[in-house]
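# Commentary on secondary and tertiary structure
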Amino acid sequence: GDGVAYGSGGGGAAGVDSTTGAAGGAGAGGVVAVFSYTGSGADLAEWYETKIGVEPGDVVAVSRDFVEYESFALGLQRTSILERAARGSGVVGVVSAMPAEVIGGDLIGVSKNAKPIALAGRVPVKISEENGKITAGDELTISGTPGVAMRLTKAGATIGKALEDSDCEAGKWG
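Residues numbered from 1 in each chain as written. Predicted model: local features only at pLDDT ≥ 70, side-chain atom pairs only at ≥ 80, totals over all residues. Heavy atoms only, no water.

Quick look at the nonpolar core now. Counting residues in hydrophobic clusters, the biggest one holds ten residues: Val59, Ala61, Ala85, Val94, Ile127, Ile134, Leu140, Ile142, Ala149 and Ala162. Where this core is concerned, the elements lending two or more residues are strand E4 (59–71) and strand E9 (139–142). Ranked by size, the runner-up nonpolar core spans six residues in total, among them Tyr48, Val60, Leu82 and Val95. (Core = buried A, V, L, I, M, F, W, Y, C linked by side-chain atoms within 4.5 Å. Buried < 20%, exposed > 50% of the residue type's maximum accessible area, 1.4 Å probe, protein only. Helix = DSSP H or I, 4+ residues; strand = E, 2+ residues; numbered from the N terminus.)

And the structure:
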């Protein structure tokens, strides 16, 4: 019979494809995860397991904990569970709020708290004015608050560059 397939296009808006004569099938056993959003993201991200409480905008780092999963192409794999980055930790990146594309779906079937980690592009990040106001073009590093970035004022690890000036309110993350 006729069928309708719903999906998420690269631009982020849900798309509908009409098919004629699509019989469908039972599919394989396992977990199906559907993620949907409207709008357009500005980064390429990859799924990583994270600790509970990690959320979009957090700067994340490698923890001592790991998860094992079965990769479709590579067999049994083992990867670190990411946590909010603290000073001196091995920063991996920033949790994406709305990626344009996400890769690494093999992990989803065993994940308890998978989050898309930005690999490239523009991504919102939690900031602090701990080292002063941030101006567009300033390099960012990890602040004294785990998961939160601040302006880099001396040589050190860089997370990325600010694309706009900060406008923080007391007691809130920018």
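Okay, the sheet that holds E4 next. Pairing is antiparallel across the open sheet formed by three strands, whose spatial order is E5-E4-E6. This sheet does not close on itself; its edge strands, each paired only once, are strand E5 (75–84) and strand E6 (91–94). Shown here is a sheet whose adjacent strand axes are inclined to one another by a mean of 55°, direction ignored. Of the strand pairs in this sheet, E4 and E5 are connected by nine bridges, and their pairing is antiparallel. Residue pairing across strands places Glu68 opposite Arg78, the latter belonging to E5. (Pairing = 2+ DSSP bridges. Axes fitted to C-alpha atoms, helices over the stretch in contact; angles between N-to-C directions.)

Turning to the confidence of the model for the chain, a few remarks are in order. Mean pLDDT over the chain stands at 77; residues scoring 70 or higher make up 74%. Note that pLDDT drops below 50 for residues 1–38; the model gives that stretch 39 contacts with residues more than four away or on any other chain. (pLDDT = per-residue confidence, 0-100. Contact = heavy atoms within 4.5 Å.)

Its place among the elements puts Val94 in strand E6. Among the residues examined, Val94 registers a relative accessible area of 7% and is labelled buried. C-alpha of Val94 to C-alpha of Val148: the two residues are 54 residues apart in sequence and 9.6 Å apart in space. Every residue in contact with Val94, bar those within four places of it in the chain, is listed here: Gly57, Asp58, Val59, Pro116, Ile117, Ala118, Val123, Pro124, Val125 and Ile159.

Within this model, the largest pocket holds a volume of roughly 650 Å³. Looking at the largest pocket, it is lined by 26 residues, and the ones nearest its centre are Val123, Pro124, Val125, Leu140 and Lys161. When residues of the lining of the largest pocket are traced back to their parent elements, those giving at least two are E6, strand E8 (114–121) and strand E11 (160–161). Of the residues in the lining of the largest pocket, the class split is 15 nonpolar, six polar and five charged. (1 Å grid on protein atoms, 1.4 Å probe; cavity = no way out; pocket = protein on both sides within 12 Å on 5 of 7 lines; lining within 4 Å. Points joined across faces, edges and corners; volume = space filled by probe spheres on them. Nonpolar A, V, L, I, M, F, W, Y, C, P; charged D, E, K, R; others polar.)

Our focus in this paragraph is the side chain of Ser63. The topology assignment puts Ser63 in strand E4. Here Ser63 falls in the buried class, since its relative accessible area comes to 10%. A distance of 2.5 Å separates a polar atom in the side chain of Ser63 from the backbone oxygen of Ile81. When residues no more than four places from it in sequence are discounted, the contact partners of Ser63 are Lys51, Ser80, Ile81 and Glu83. (Polar contact = N/O pair within 3.5 Å; in protein donor to acceptor, adjacent residues only side chain to side chain.)

The topology assignment puts Glu70 in strand E4. Of the residues examined, Glu70 reaches a relative accessible area of 51% and is grouped as exposed. In the structure, Glu70 is positioned 36 residues away from Asp106 in sequence and 7.0 Å away in space, judged by C-alpha atoms. Once you skip the residues sitting within four places of it in the chain, Glu70 turns out to touch Gly75, Leu76 and Asp106.

Before going further, it helps to examine the side chain of Asp58. Among the structural elements, Asp58 can be located in the loop between strand E3 (43–49) and E4. We classify Asp58 as buried; its relative accessible area is 1%. Looking at Asp58, its side chain comes within polar contact range of the side chain of Arg84, at 2.9 Å. Sequence-distant contacts of Asp58, that is, excluding residues within four places in its chain, are made with Gly53, Arg84, Gly93, Val94, Val95, Lys126 and Gly147.

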